[in-house]
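Chain and residue survey
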Amino acid sequence: MNLCSLNNYSNSKGNLSFGKKIPINAYGNVSIPFVKEIQSSIAEYPQTILSKILKDGLIDDIRIATKASNAFPEFPYLQKQLKDETVHGVLPPMTWDDFLAGVAVSHECSGKLFKNLGFFESPSSVCTKANKGTVGHELSHKVDEWLKNLTGVNISQTDSFKNAARKDIEQLPERLKLNPYLHQKWGEESINYLTQGGTFDNLNEYGLGEIFAECGAANTTGTASEISIKAKFMKNFFPESYQYVQKFLYLMGMRK
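Here the structure is a predicted model, which is why all the values come from computation and not from measurement. (Residues numbered from 1 in each chain as written. Predicted model: local features only at pLDDT ≥ 70, side-chain atom pairs only at ≥ 80, totals over all residues. Heavy atoms only, no water.)

**Looking at helix H9 (residues 205-218)**
Heads up, the rule is: Only DSSP runs of H or I covering at least 4 residues are called helices, and only runs of E covering at least 2 are called strands; the numbering of each starts at the N terminus. Every helix has an expected span of 1.5 Å times one less than the residues it contains. The buried label applies to any residue whose accessible area, calculated with a 1.4 Å probe on protein chains only, is under 20% of its type's maximum; exposed applies above 50%, and partly exposed to all values in between. Between N or O atoms, a polar contact is any pair within 3.5 Å; within protein, one atom must be a potential hydrogen donor and the other a potential acceptor, and residues adjacent in sequence are included only when both atoms are from side chains.
Between its first and last C-alpha, H9 extends 20 Å over 14 residues, near the 20 Å set by a 1.5 Å rise per residue. Burial within H9 is extensive, with twelve of its 14 residues counted as buried. Of the residues making up H9, those classed as buried are Gly207, Leu208, Gly209, Glu210, Ile211, Phe212, Ala213, Glu214, Cys215, Gly216, Ala217 and Ala218. If you check the start of H9, you find a side-chain oxygen 2.9 Å away from the backbone N of tyrosine 206, and it comes from asparagine 204.

Set out below in structure tokens:
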């Protein structure tokens, strides 16, 4: 059931945050502080970039829920996939419903393509809820899609970005040795999730998208401390990718 509609957002100066309304809906018993956290996170994302994403129709709506499957009541097949499908390489074994703090999903139903973002408050006891960094990551997936209408390919799948990511993956073993504290703090799972097992000779398409989105998050939303930590991680382990995304965001109009 759709419990509340949160369509009008203002930034800290009281100005309308978006060029048009984004349908933002809450499903289930989400807390007011969580709703406000997501609200402020969306408002903090660079508005010049967000306006381009919206103008190109890359987001139909944003959904806030306790768990991922709760956010898609009208799509039973998607609910079932989120509840039943196990996330590869994550310990302890979890389904996507247990694991996801946020998601950018495109799915087809009755011949229509739906493009949703979802942010979740309580995926499981061992996974943290969505925060500003999660919002930055998922919105950056939409940045990745931005030029697809013109070029037919996501930015993360271009030769230029692949070259940047390939250089980073090649240097990862050495960089992990040079930064044991960061590696230990974030864990092997973080590296594995970003690369999705991709290697210098065999890049993983999904992993390229995750690297791009995390570089986007490290350049956009969060507290100063959160961005500093995330940027430090990406600059140390994926510096070529980080600089690539930073330059692209600048070309899209982001100014710090």
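**Side note on the packing of H9 against helix H10 (residues 224-237)**
Let me state the cut-off plainly: To define axes, lines are fitted to C-alpha atoms, for helices over the stretch in contact only, and angles between the resulting N-to-C directions are given on a 0 to 180 degree scale. In what follows, roughly perpendicular refers to angles from 65 to 115 degrees, roughly parallel to angles under 35, roughly antiparallel to angles over 145, and oblique to any angle outside these ranges. A clockwise turn of the near helix away from the far one marks a right-handed crossing, whereas an anticlockwise turn of less than a right angle marks a left-handed crossing. It only takes one pair of heavy atoms within 4.5 Å for two residues to be counted as in contact. Here the term charged refers only to Asp, Glu, Lys and Arg, the term nonpolar to Ala, Val, Leu, Ile, Met, Phe, Trp, Tyr, Cys and Pro, and the term polar to all other amino acids, Gly among them.
The N-to-C vectors of H9 and H10 enclose an angle of 140°; their axes lie 8 Å apart at closest approach. In terms of orientation, H9 and H10 fall into the oblique class. In the crossing of H9 with H10, the sense of the turn from one axis to the other is left-handed. In this structure, H9 uses Ile211, Glu214, Cys215, Ala217 and Ala218 to contact H10, whose residues at the interface are Ile227, Lys230, Ala231 and Met234. Its residues assigned to classes, the contact of H9 with H10 shows seven nonpolar, no polar and two charged.

**Focus on the packing of aromatic side chains**
Our working definition: Aromatic pairs are defined between Phe, Tyr and Trp rings, using the six-membered ring for Trp, whenever the two ring centres lie within 6.5 Å; interplanar angles under 30 degrees are classed as stacked, those over 60 as edge-to-face, and all others as tilted.
For the coordinates displayed, the defined rule picks out nine aromatic pairs. Measuring from centroid to centroid gives 5.9 Å for phenylalanine 99 and tyrosine 193, while their planes differ by 50°, and the two rings are tilted. Of this pair, phenylalanine 99 sits in helix H4 (residues 96-99) while tyrosine 193 sits in helix H8 (residues 180-195), and the two are 94 residues apart along the sequence. Note on tyrosine 193 and tyrosine 206: the rings are 6.4 Å apart at their centroids and 90° apart in plane angle, and the pair reads as edge-to-face. In this pair, tyrosine 193 sits in helix H8 while tyrosine 206 sits in helix H9, placing the two residues 13 residues apart along the sequence.

**Topic: the confidence of the model for the protein**
What counts, and what does not: Values of pLDDT, ranging from 0 to 100, describe the predictor's confidence in every residue of the model.
Looking at the protein, the pLDDT average stands at 85 and 88% of residues meet or exceed 70. Mean pLDDT in the protein bottoms out at strand S1 (residues 2-5), which sits at 28, and peaks at helix H11 (residues 239-251), which reaches 96. Note on residues 1-20: pLDDT is under 50 here. Beyond four places in sequence and across chains, it has 39 contacts.

**Structural notes on the environment of phenylalanine 99**
Distance in space between the C-alpha atoms of phenylalanine 99 and threonine 128 is 8.7 Å, their sequence separation being 29 residues. Sequence-distant contacts of phenylalanine 99, defined by excluding residues within four places in its chain, comprise Val87, Val90, Met94, Pro123, Cys127 and Tyr193.

**Overview of the pairing of strand S2 (residues 24-27)**
On a regular strand, each side chain points to the face opposite its neighbour's, so the side chains alternate between the two faces of the sheet. To keep things clear, this is the line we draw: Strands are treated as partners if at least two bridges between them are detected by DSSP.
Along S2, one buried face is formed by Ile24 and Ala26 and the opposite face, lined by Asn25 and Tyr27, is buried too. Pairing analysis gives four bridges linking S2 to strand S3 (residues 61-65), with the strands arranged parallel. Bridging from a neighbouring strand, tyrosine 27 pairs with alanine 65 of S3.

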